[in-house]
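The chain contents come next:
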Amino acid sequence: MTSEASPTGLPPELSEGPGPIRRFVLPGLFIIALAVALFMRRPDADVNVPFWKLQGEIFGTTYVVKIVPGDSKVNQDSLKDEIDAELAAVDLVMSTYKDDSELSKFNSSKSVEPVKISKELATVLEEALAVTSLTQGAFDITVGPVVNLWGFGPDKTLKEPSAEALDEARGRVGSDRFTLDMKKLTLQKHDARVYIDLSAIAKGYAVDRVGELLKKHKLSSYMVEIGGEIRARGKNPKGIPWQLGVERPHNAPTQEVALIVPLDGLSMATSGNYRNFYLRADGSKVSHAIDARTGEPVAHPFSSVTVLHEDCVTADALATGLFVLGAADGLKIAEANNLAVLFVEPDGDTFKTQASSTFPKFRTK
């Protein structure tokens, strides 16, 4: 059974979280959202509790769905087929790698006239624009041309752009360069060069879609993870909230869990810049996280931010936007909007955390 929501949209226990700044000391590709779901892939303890684990590949990554079926009558194999079909449908709308996807067709068009779009695409675009506004432009689905220019796009040509090239690319970025009409379900470019990339929000939307599918089948205890974006409801086979790991931000090739966060009735997304970067000649690091407002890689310390929200689509986008803002500005927005947010930063051979007041209690690993 999920927690009863408070008027703020968060379960009551989140309003009882610890103070805003906490510190712990421990021994010493293009990833927008990097949540660590290592605990999803461990053997589950209570073999007496019926338990399903469904998994596959989508969006160039993997998905895992863990379910405590309870009294549901749905067939496990048919459910797997339904999940695959649901994810394929999202991919056919929002992929930038499939030439025949709805979004790719819009991007390749040079028309500046309004075009009809699906309700699914409109819904994600509307949420993206809301997060753009909330993060003061730090999250922006038109930033792709600048990201590609810095060498973190599909061609992976790592290089620093010239000032002239950067100015040209920045001229194509901005949510004011297109108009979404939710009533008419139309999308209109104001610049034929506009290119929309939903990679920092579409996985979260897909997670929610799978969650709603499970709800339709009266499955109330589950955890869905797609490429690190997670939604959890009910209890795990041990009868406790699902236990999620947040990765320790470091440059080592192995993953280490820094913190363990209980999750019930919420979604979780994490964005970090400590694995995807390249080095300048002077040894300084160039992060893949690009600030859409400046066209420059973020300059704050290499770290991560984890966001909890009822909807994974929102958590996914917020994680990217708040990470670009950095801990100081990101936490101000989190407090002003009652968001559950946790920044984790390296501190020599240790790490430190800064959390908003609504982030739940967690433990170190």
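Further up the page is the structure itself.
Residues numbered from 1 in each chain as written. Predicted model: local features only at pLDDT ≥ 70, side-chain atom pairs only at ≥ 80, totals over all residues. Heavy atoms only, no water.

A.B. asks: How would you explain the nonpolar core if you had to name every residue and give the values?
C.D. replies: One finds Ile83, Ile196, Leu198 and Leu214 to be the most contacted residues of the largest nonpolar core, which totals 66 residues. Here this core takes 10 residues from helix α7 (residues 312-325), the largest share from any one element. What Leu214 contacts, discounting residues up to four positions off in sequence, is Val65, Ile67, Leu79, Ile83, Leu219, Tyr222 and Val224. Val68, Ala232, Leu308 and Phe351 belong to the second-largest nonpolar core, a separate cluster that totals 20 residues. (Core = buried A, V, L, I, M, F, W, Y, C linked by side-chain atoms within 4.5 Å. Buried < 20%, exposed > 50% of the residue type's maximum accessible area, 1.4 Å probe, protein only. Helix = DSSP H or I, 4+ residues; strand = E, 2+ residues; numbered from the N terminus. Contact = heavy atoms within 4.5 Å.)

A.B. asks: Break down helix α8 (residues 327-336) for me, citing the residues and quoting the values.
C.D. replies: Every buried residue of α8 is accounted for by Ala327, Gly330, Leu331, Ile333 and Ala334. In an axial view of α8, the angular spread of the buried residues amounts to 160°, which keeps them on one side of the axis. Structural note: α8 exposes Ala328, Lys332 and Ala336 on the side pointing more than 90 degrees away from its buried face. Elements in contact with the buried residues of α8: α3 (119-134), α7, β17 (340-347) and β18 (350-355). (Arc of directions from axis to C-beta.)

A.B. asks: How would you sum up the sheet that holds strand β5 (residues 178-181)? Please name residues and give values.
C.D. replies: Ordered in space as β4-β6-β5, the three strands form an open sheet in which the pairing is antiparallel. Of all strands in the sheet, those with a lone pairing partner are β4 (115-116) and β5, marking the two edges. By the bridge criterion, four bridges tie β5 to strand β6 (residues 186-189) in an arrangement that is antiparallel. Across the sheet, the residue bridging to Leu180 is Leu187, located in β6. Here α3 sits on the sheet in contact with β5 and β6, set at roughly 120° to β5. (Pairing = 2+ DSSP bridges. Axes fitted to C-alpha atoms, helices over the stretch in contact; angles between N-to-C directions.)

A.B. asks: Can you lay out the pairing of strand β11 (residues 266-272) for me, pointing to particular residues and giving the numbers?
C.D. replies: A large share of β11 lies buried, amounting to seven of its seven residues. Both faces of β11 are covered, namely the face carrying Leu266, Met268, Thr270 and Gly272 and the face carrying Ser267, Ala269 and Ser271. Of the strand pairs in this sheet, strand β8 (residues 229-233) and β11 are connected by three bridges, and their pairing is antiparallel. Paired with Ala232 across the strands is Leu266, a residue of β11. Across six bridges, the pairing between β11 and strand β16 (residues 304-309) is antiparallel. Bridge pairing links Ser271 to Val305 in β16.

A.B. asks: Tell me about the pairing of β18, and name the residues and values.
C.D. replies: The element β18 is extensively covered by neighbouring structure, given that five of its six residues are classed as buried. Pairing of β17 with β18, which is carried by six bridges, proceeds in the antiparallel orientation. Looking across to β18, one finds that Asp347 is bridged to Thr350. The antiparallel hairpin formed by β17 and β18 contains two residues in its connecting segment, where Gly348 sits at a positive phi of about 70°.

A.B. asks: Please provide a residue-by-residue account of the environment of Val65, values included.
C.D. replies: Looking at the element boundaries, Val65 is found in strand β3 (residues 61-67). As for Val65 and Ile230, which are separated by 165 residues in sequence, their C-alpha atoms are 9.6 Å apart. With sequence-adjacent residues up to four places away left out, Val65 is seen in contact with Trp52, Lys53, Leu54, Ile83, Val210, Leu214, Met223 and Val224.

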